[in-house]
Amino acid sequence: MIKEIIAKDIVRTFNSRFSLHCSIHLESGQTHALLGPNGSGKSTLLRTLSLLERPQQGEIIYRDEKESYLNPFSDLALRRRVTLVNTRPVVFRESVLKNVTYGLRIRGIGRKECMERAMEALRSVRLEDHKNQPAPLLSSGEKQRLSLARAIAIDPDVLMLDEPTVNLDPENTGIIEQAIMSLHEKGDRLILFVTHNLFQARKLADKVFFIHNGRIIEQNSKEKFFSSPETELARRFLRGEIY
Amino acid sequence: MGFLIESTLKAVGIITSLDREFISIVLLSLRVSGTAVIIASAAGILLAVGIYQMQSPVKRLLIPLLNTSMGLPPVVVGLFIYLLLSRSGPLGSLNLLYTPTAMIIAQCVLATPIIAGIAHASMISADPEIRFTALCLGASELHATIRVITETRYSILSSVVAGLGRVIAEVGAVLIVGGNIAGYTRVMTTAIALEADRGDFILAIALGMILLLLSLCINAVLYIFQKRGAID
């Protein structure tokens, strides 16, 4: 089980106007919220931490019970212990059930176990009745739930979610939040999610990171961040003055 | 007008009577073009996947080259293959000139860029997030590419059908490298050219009808694939 992720001075520059330059420390058993205005580098940081995009500088260390892995971008076995759920759900042109079993099939998991885990994941997002339906025909909320079910079925050590409930109605939002909380209750998972929804961050997170212009400005426990933020930028963000 | 109707009726007669020469020409056409398209599909799809996965700057050169090759003039391809396979050419010792194999090679050269070009374009135009989503779920680079191919399967099948449509109606290359030898390398298109030249239109019309029918079938299949791709 992944115990912690440490990113030291990672740098990603896209153009002269924006660069991500930050360090972050994430621990298992915790749900971390990444907050910040649009264009502050949240999604870039998430894609980098989930080992899908390399930083130009700096290092990322994954640590489990046995050893540490330095910049394990090419380590497929380790990468398979991390899953990222994207903002825009992309579903494959096949049934809902086959979508959920995809991550399991490429890991060589047997058919019976695939089906059991897929059905359990579908139940956790209340999509079990849609299992034989073509996934492209689902509503956008259902597609986002399916996206989460695909990740849950894999049972990753690290789950990262990029705005998992953006543009969703309260019902779909509630189902997704419940599924994230259930995963958190397992006790040893590392969860990091990006959100613009401050209520959601309060509800789900243990720890909050506030990012602005590619820099992590503040990191604190949820209670402290929302009751007495340390920086003026975070205070302005919470007051809705920057977004 | 009467001549045209009379010739057409006689041509229908040739088709319904399953004339031996007529059948052998049709079967050879199907064998040559079918084999060429099977080989070209394997080569073209592999080429498309190779270019799709390529990270090198050479890719910028290869794509326009591939797109240009999609419109290769059949007579130029025929001439090139002829020069390669002729006695004095580098592959002359293989004695392939004026054989169905030479015709298959020429048609492969014509169909491969079409299949590769269309397959590559459909992979590129597929949602880039498909690949990213597969990687997010733990796919290797190979698995992610297979996922993209699976998602664009109908477009890729369309490319194969388009390749078949191109080669089965082609006359220039097969005439040059096949020599239009009766009973050996005479296919529908070369037979139509020859019979029309001779003024014997009945067999030409019969073969033309079959060619049109095949073309109709190919386009119907293409339409079904495109429709299924759009619906899914």
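Residues numbered from 1 in each chain as written. Chains lettered and ligands numbered in written order. Predicted model: local features only at pLDDT ≥ 70, side-chain atom pairs only at ≥ 80, totals over all residues. Heavy atoms only, no water.

K.L.:
So, helix H4 (residues 111–124) of chain A: which residues are in play, and what are the values?
P.N.:
Residue and element names in this part refer to chain A. For H4, with 14 residues, the first-to-last C-alpha span of 20 Å sits near the 20 Å given by 1.5 Å per residue. Every buried residue of H4 is listed here: Cys 114, Ala 118, Met 119, Ala 121 and Leu 122. The buried residues of H4 occupy one face: seen down the axis, they fall within an arc of 165°. With respect to the buried face of H4, the exposed residues turned more than 90 degrees away are Lys 112 and Glu 120. Its buried side turned inward, H4 meets helix H3 (96–105) and helix H5 (140–154). (Helix = DSSP H or I, 4+ residues; strand = E, 2+ residues; numbered from the N terminus. Expected span 1.5 Å × (residues − 1). Buried < 20%, exposed > 50% of the residue type's maximum accessible area, 1.4 Å probe, protein only. Arc of directions from axis to C-beta. Contact = heavy atoms within 4.5 Å.)

K.L.:
Residues and numbers for the interface of chain B and chain A, please.
P.N.:
If you look at the interface, chain B gives 18 residues, while chain A gives 24 residues. With both chains or domains summed, chain B and chain A bury close to 1900 Å², and 52% of this area falls on carbon and sulfur atoms. The largest per-residue losses of area from chain B upon contact with chain A belong to Phe132(B), Leu137(B) and Arg147(B), which jointly make up 32% of the total buried on that side. Our count for the chain B to chain A interface comes out at 2 salt bridges. (Buried area = accessible area lost by both parts, 1.4 Å probe. Salt bridge = Lys/Arg side-chain N within 4 Å of Asp/Glu carboxyl O.)

K.L.:
Go over the environment of Gln226(B) with me, naming the residues and quoting the values.
P.N.:
All names here are of chain B. With respect to the element layout, Gln 226 can be found in helix H11 (residues 201–231). Using a relative accessible area of 48% as the deciding quantity, one classes Gln 226 as partly exposed. Sequence separation of Gln 226 and Pro 100 is 126 residues, and the distance between their C-alpha atoms is 32 Å.

K.L.:
Let's hear about the sheet that holds strand S4 (residues 57–64) of chain A: which residues, and what values?
P.N.:
All names here are of chain A. What the 4 strands build is an open sheet, ordered S2-S1-S4-S5; its pairing is antiparallel. Of all the strands in the sheet, just strand S2 (19–27) and strand S5 (68–70) have a single pairing partner and so form its edges. On average, adjacent strands in this sheet sit at an angle of 10° to one another, irrespective of strand direction. Bridge analysis of strand S1 (residues 2–13) against S4 gives 7 bridges, and the strand direction is antiparallel. Residue Ile 2 lies in a different strand from S4, and its bridge partner there is Asp 64. (Pairing = 2+ DSSP bridges. Axes fitted to C-alpha atoms, helices over the stretch in contact; angles between N-to-C directions.)

K.L.:
I'd like a rundown of the sheet that holds strand S10 (residues 215–221) of chain A, residues and numbers included.
P.N.:
All names here are of chain A. A sheet is described by the order of its strands in space; here 6 strands give the open sequence S6-S7-S8-S3-S9-S10, paired in mixed fashion. Each end of this open sheet is capped by a strand with a single partner; those strands are strand S6 (82–85) and S10. This sheet shows a mean twist of 15° between the axes of neighbouring strands, independent of strand direction. Pairing between strand S3 (residues 31–35) and strand S8 (residues 190–194): 4 bridges, direction parallel. Within the sheet, the bridge partner assigned to Leu 34 lies in S8 and is Val 194. On top of the sheet, helix H6 (residues 170–185) reaches S3, strand S7 (158–162) and S8; it is set at about 155° to S8, its chief contact.

K.L.:
I'd like a rundown of the packing of aromatic side chains, residues and numbers included.
P.N.:
On inspection of all chains with the given rule, the structure shows 6 aromatic pairs over all chains. Ring pairing ties together the aromatic residues Phe210(A), Phe225(A), Phe226(A) and Phe237(A), which thus form one cluster. Here the basic side chain of Arg150(A) rests over the ring of Phe92(A), its NZ or CZ set 5.1 Å away from the ring centre. The ring of Phe92(A) carries the charged tip of Arg147(B) above its face, separated from the ring centre by 4.3 Å. (Phe/Tyr/Trp six-rings, centres within 6.5 Å; stacked < 30°, edge-to-face > 60°. Lys NZ or Arg CZ within 6 Å of the ring centre and 35° of its normal.)

K.L.:
How would you explain the pattern of salt bridges if you had to name every residue and give the values?
P.N.:
Residues and elements named next belong to chain A. Considering all chains together, one arrives at 23 salt bridges over all chains under this definition. Across the pair Glu 113 and Arg 117 runs a salt bridge whose closest N-O atoms are separated by 2.9 Å. Of this pair, Glu 113 and Arg 117 both sit in helix H4, separated by 4 residues, roughly a single helical turn. A salt bridge links Lys 186 to Asp 155; its shortest N-O distance comes to 3.4 Å. Residue Lys 186 is found in the loop between H6 and S8, and its partner Asp 155 is found in the loop between H5 and S7; the two are separated by 31 residues along the sequence. In this structure Lys 186 comes out as partly exposed when scored by relative accessible area, which is 44%.

K.L.:
Run through a nonpolar patch on the surface, naming residues and quoting values.
P.N.:
All names here are of chain B. Taken together, the side chains of Met 1, Leu 4, Ile 5 and Leu 9 make up a nonpolar region of the molecular surface, amounting to roughly 470 Å² of accessible area. Residue placement: Met 1 occurs in the segment before helix H1 (2–16). Here Met 1 falls in the exposed class, since its relative accessible area comes to 74%. (Patch = residues over 30% accessible without salt bridge, like charges linked within 9 Å, V, L, I, M, F, W, Y side chains within 5 Å. Areas by Shrake-Rupley, 256 points an atom, 1.4 Å probe, with all protein chains shown as cover.)

K.L.:
Outline the pairing of S3(A), listing residues and values.
P.N.:
Residue and element names in this part refer to chain A. By the criterion of burial, S3 is predominantly enclosed, with 5 of the 5 residues buried. Alternating positions in S3 separate into two faces, Thr 31, Ala 33 and Leu 35 on one and His 32 and Leu 34 on the other, with burial throughout. In this sheet, strand S9 (residues 207–212) lies alongside S3 in parallel orientation, the contact comprising 4 bridges. Across the sheet, the residue bridging to His 32 is Lys 207, located in S9.

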